[in-house]
Amino acid sequence: MPIFPKSVRRPWQPEHKPQEGRRQSNAKFYQSTAWRKLRALKIEVQPLCEECLRRGIATPARVVDHIVPINKGGAALSLANLQSLCDACHNRKSATDK
Ligand SMILES: [Zn+2]
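Student: Explain the overall build of the protein chain here, please?
Tutor: Broken down by element type, the protein chain carries 4 helices and 2 strands. Secondary structure of the protein chain in N-to-C order comes out as α-α-α-β-β-α. Sorting the 98 residues of the protein chain into buried and exposed places 9% on the buried side. Contacts spanning at least 24 positions in sequence make up 51% of the contacts within the protein chain whose residues lie at least 6 apart.

Student: Just to check I follow, could you spell out the environment of Asp-87 for this structure?
Tutor: Tracing the backbone shows Asp-87 in helix 4 (residues 87-97). A tally of 13 C-beta atoms within 10 Å means that Asp-87 is categorised as partly exposed. Along the sequence, Asp-87 and Thr-59 sit 28 residues apart, while their C-alpha atoms lie 9.7 Å from each other. Setting aside its immediate chain neighbours within four residues, Asp-87 contacts Arg-62 and Val-63.

Each value, and the rule that gives it
- Along each chain, the written sequence defines residue order, and numbers are assigned to residues from 1.
- Residues qualify for local features only when their pLDDT is at least 70, as the model is predicted, and side-chain atom pairs are given and counted only at 80 or more; totals for whole chains, interfaces and linings, by contrast, use all residues.
- Helix and strand definitions here come from DSSP, where helices need a minimum of 4 consecutive H or I residues and strands a minimum of 2 consecutive E residues; each element is numbered from the N-terminal end.
- Exposure classes come from backbone-placed C-beta atoms, where a residue is buried if 20 or more other C-beta atoms lie within 10 Å of its own, exposed if 12 or fewer do, and partly exposed in between.
- Any pair of residues counts as being in contact when their C-beta atoms, constructed from backbone geometry, are within 7 Å of one another.

Note that all results are geometric; they support no functional claim without further evidence.
Structural data, given as structure tokens:
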């Protein structure tokens, strides 16, 4: 009786490739001209941190943040999905997003 090894290679099945990280495509996005322009526009429209403003504090915004992260389906290039944040608020949001 021939014995077939259990782990037979099946060349017709595509090899499972590890997902190329979304981070890489995100990094590319943040370098794009379209994003830079939109980001500059957002800072121009709202130069103060929106999170701080809600608490009645005026802090210069340093970061333009996606309200709904791109990898969660948020619109990448829509002003409606952007908010100006200061470093502190952005760090806090990034921490809670994870
Ligand atoms: Zn803030």
